[in-house]
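# Descriptive analysis of the structure
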Amino acid sequence: MGCICFKPFRRSPSPSIKSSIIKELSNKEDEEGSSCPSFREFSLEQLKVATNGFSADNIVSEHNEKVPNIVYKGSLNDGRMIAVKRFQRLSWPDPSEFIEEAEAVGRCRSEDMANLIGCCSEGHERLLVAEYMTNGTLAKHLFHWEKRPMKWEMRLRVALHTATALEYCNDRGIDLYHDLNTYRILFDKVGNPRLSCFGLMKCSREGKSYSTNLAFAPPEYLRLGTVVPESVIFSFGTLLLDLMSGRHIPPNHALDLFRGKNYLVLMDSALDGQFSDEDRTELIHLASRCLRPEPDKRPSIKFLLSALSRLEKRAESWPNVKGENIPAPFYTKPATKKSMRLSPLAEACWRVDLSSIHELLEKLGYGEDDVAVTNEFSFQMWTGQMQENTDYKKHGDAAFRAKDFETAIEFYTEFMSGAPVVSPTVLTRRCLCYLMNDMFSEALSDAMQAQVASPECSTALYLQASCLLKLEMEAEAKEALRHGSSLEAF
């Protein structure tokens, strides 16, 4: 999926990245980042030496066709570690424009950021040089932990530091941050979260702003190819979702869960006992406001900063409210795929072998979770109210057996629109029908709803893994597969 090009649009004449406000900043105003060296230009040869000739062993960023610009770690002659972002060839044809933008970002100095300390523009090469953060990305610690998941208090701290960094940039006339996500938040040598300065510059002169999965881009970007300052707030909302759930949930699916008040599904189970119901509800409410489709209805960064400050203070005292000397829970990461014995259905879902999944779902039939559905129908059929609706289900099952998946979708949809309770099996069957028709987002929504209806349903989690693989979200797919396997083993 390609990236959309745009020219940044602002509703009002707010200051741009080249604003005189930035140029008037004195060194005294930025003393909070005084441990960071002054911005300067590097030669290409200096950066080649620092990165061992741009060695593949020095690559520290996620990079692929959608994320072509590569980040390397390096070391200067004085021993200082640096992060070097190398732009794709011809991303910035005009060297003076690139240097001017880099210098503007380089004037920012904040302890909540991994600051920009230099740039390089030689020939067709365009590179940025920033402070190197030794403890990796938020994505690593949130999604790929090995011994202990990130605690609630630390997740709030990440959100607060990120909001503080964004407010700092806003106060200096930089109101756009491009592609805010868990890879843009880093941890320094003492474990403090910092926002990467690289997001303050576009991916290219043309302004490609969202180089990662477009399922997480703001609605206005998908509609018009433009971003506004409020687009940053939408991305901040997706970040809050990641922090709450420990998963990378697409915003449209999260909004479905918000509307259904399925809050427990949204929250990371590893956080049980670390927060009050009030704090959970408040953070979910903040995220839902950030994800509003209308940009002007999203909260300001100052409002978010104030709300998150309150939440962090309450989190600090939460263990004392529940009782003293309560040890922090310890969780072990689920076994990797190599050490797991997968059931036939889990194997088929991991391979996204849709024909095998269909055969296995047919054999499974309707399980115990659908007993309540059947009992409810029995009563209502006796009254004559649900016979037609039950016929929709029968026709859907017949179409499912015959592999007429489009027809099955139609009948199952009719059935669920009039069903008194949710049938997890119908949801999983319609999920597969959607997968068969390349409707991956709709399929994921059904699999998640099936999990809500039946939390112990491993089938729903296995199907989520297939959907996530189709949506190019392999890390999240692995987590769904692990979770499903642990439920099935239990």
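Described below are features of the structure shown in this document. (Residues numbered from 1 in each chain as written. Predicted model: local features only at pLDDT ≥ 70, side-chain atom pairs only at ≥ 80, totals over all residues. Heavy atoms only, no water.)

Before going further, it helps to spend a moment on the nonpolar core. Counting residues in hydrophobic clusters, the biggest one holds 112 residues, and the most contacted among them are Leu128, Leu138, Phe236, Phe258, Leu283, Leu308 and Ile357. The element best represented in this core is helix α5 (residues 152-171), accounting for 11 residues. The contacts of Phe236, once residues within four sequence positions are left out, are Ala159, Thr162, Ala163, Leu166, Leu180, Cys290, Leu304 and Leu308. (Core = buried A, V, L, I, M, F, W, Y, C linked by side-chain atoms within 4.5 Å. Buried < 20%, exposed > 50% of the residue type's maximum accessible area, 1.4 Å probe, protein only. Helix = DSSP H or I, 4+ residues; strand = E, 2+ residues; numbered from the N terminus. Contact = heavy atoms within 4.5 Å.)

Close contact between helix α17 (residues 424-436) and helix α19 (residues 458-470) brings their axes to 10 Å; oriented N to C, the two are set at 15°. Compared by their axis directions, α17 and α19 come out roughly parallel. Classified by chirality, the crossing of α19 by α17 is left-handed. For the pair α17 and α19, the contacting residues are Thr428, Cys431 and Leu435 in the first and Thr459, Ala460, Leu463, Ser466, Cys467 and Lys470 in the second. For the contact of α17 with α19, the class distribution of residues is five nonpolar, three polar and one charged. (Axes fitted to C-alpha atoms, helices over the stretch in contact; angles between N-to-C directions. Parallel < 35°, antiparallel > 145°, perpendicular 65-115°, else oblique. Left-handed = near helix turned anticlockwise from the far one by under 90°. Nonpolar A, V, L, I, M, F, W, Y, C, P; charged D, E, K, R; others polar.)

With the rule as written, the count across this model stands at six aromatic pairs. Consider the rings of Tyr392 and Phe411, whose centres lie 6.4 Å apart with planes at 35°: the pair is tilted. A residue pair is termed long-range when its members are at least 10 positions apart, and Tyr392 in helix α15 (residues 387-401) and Phe411 in helix α16 (residues 405-418) qualify at 19 residues. Overall, Tyr392 belongs to the partly exposed group, its relative accessible area being 22%. In textbook terms, an aromatic cluster arises when at least three aromatic residues are bridged by ring pairs, as seen for Phe87, Trp92 and Phe98. Between Arg86 and the ring centre of Phe54, over which it is positioned, the NZ or CZ distance is 4.1 Å. (Phe/Tyr/Trp six-rings, centres within 6.5 Å; stacked < 30°, edge-to-face > 60°. Lys NZ or Arg CZ within 6 Å of the ring centre and 35° of its normal.)

Position of Gln274 relative to the elements: it lies in the loop between α9 (263-266) and α10 (277-290). The class for Gln274 is buried, based on a relative accessible area of 15%. Engagement of the side chain of Gln274 in a polar contact is seen with the backbone nitrogen of Trp152, the distance being 2.9 Å. A polar contact is formed between the side chain of Gln274 and the backbone oxygen of Ala270, at a distance of 3.3 Å. (Polar contact = N/O pair within 3.5 Å; in protein donor to acceptor, adjacent residues only side chain to side chain.)

Attention now goes to the environment of Cys433. Relative to the assigned elements, Cys433 resides in helix α17. When its relative accessible area of 0% is taken as the criterion, Cys433 is described as buried. In sequence terms Cys433 and Asp404 are 29 residues apart; their C-alpha atoms lie 8.6 Å from each other. Dropping the residues within four chain positions of it, Cys433 is found in contact with Phe400, Phe405, Ala408 and Ile409.

What follows deals with the side chain of Asn115. Along the chain, Asn115 turns up in the loop between β4 (113-114) and β5 (116-122). Looking at Asn115, the relative accessible area reads 2%, which means it is buried. Look past the residues within four positions of Asn115 in its chain and what remains in contact with it is Cys36, Cys108, Arg109, Ser110, Ala130, Glu131, Arg194 and Cys197.

Counted by the stated rule, this structure contains 19 salt bridges. A salt bridge links Glu359 to Lys363; its shortest N-O distance comes to 3.5 Å. With Glu359 and Lys363 both in helix α13 (residues 354-364), this residue pair falls four residues apart, about one helical turn. With a relative accessible area of 44%, Glu359 lands in the partly exposed category. Looking at Lys363, the relative accessible area reads 64%, which means it is exposed. Residues Glu479 and Arg482 are paired through a salt bridge, measuring 2.6 Å at the closest nitrogen-oxygen approach. One end of the pair, Glu479, and the other, Arg482, are both in helix α20 (residues 474-489), three residues apart, so they sit about a helical turn from each other. The class for Arg482 is buried, based on a relative accessible area of 12%. Salt bridges sharing partners connect three or more residues here, namely Asp279, Glu282, Arg310 and Arg314. (Salt bridge = Lys/Arg side-chain N within 4 Å of Asp/Glu carboxyl O.)

Given a rise of 1.5 Å per residue, 20 residues ought to cover 28 Å, and the 29 Å separating the end C-alpha atoms of α5 matches this to within 8%. Taking burial as the measure, the 20 residues of α5 include 15 buried ones, the bulk of the element. In the segment just after α5, Gly173 is the residue with positive phi, at about 85°. (Expected span 1.5 Å × (residues − 1).)

Take the sheet that holds β5 next. In space, the five strands of this open sheet follow the order β1-β5-β6-β3-β2, with mixed pairing throughout. Two strands in the sheet have a free side with no partner beyond their single neighbour: β1 (40-41) and β2 (70-75). Of the pairings in the sheet, the one linking β5 to strand β6 (residues 125-131) comprises six bridges and is antiparallel in character. Paired with Cys120 across the two strands is Leu127, which belongs to β6. (Pairing = 2+ DSSP bridges.)

For the rest of this paragraph, the subject is the environment of Ser355. With respect to the element layout, Ser355 can be found in helix α13. Judged by its relative accessible area of 53%, Ser355 falls in the exposed class. Remark: the alpha-carbon pair of Ser355 and Lys403, spanning 48 residues in sequence, is separated by 9.5 Å.

An order of β4-β8-β7 is seen for the three strands of this open sheet, with the pairing classed as mixed. Edge positions in the sheet fall to β4 and β7 (185-187), since each has one partner strand and no second. For β4 and strand β8 (residues 193-196), the ladder comprises two bridges, and the chain directions are parallel. If you follow Met113 over to β8, its bridge partner there is Leu195. Each of β4, β7 and β8 touches α5; the most contacted strand, β8, lies at about 40° to it.

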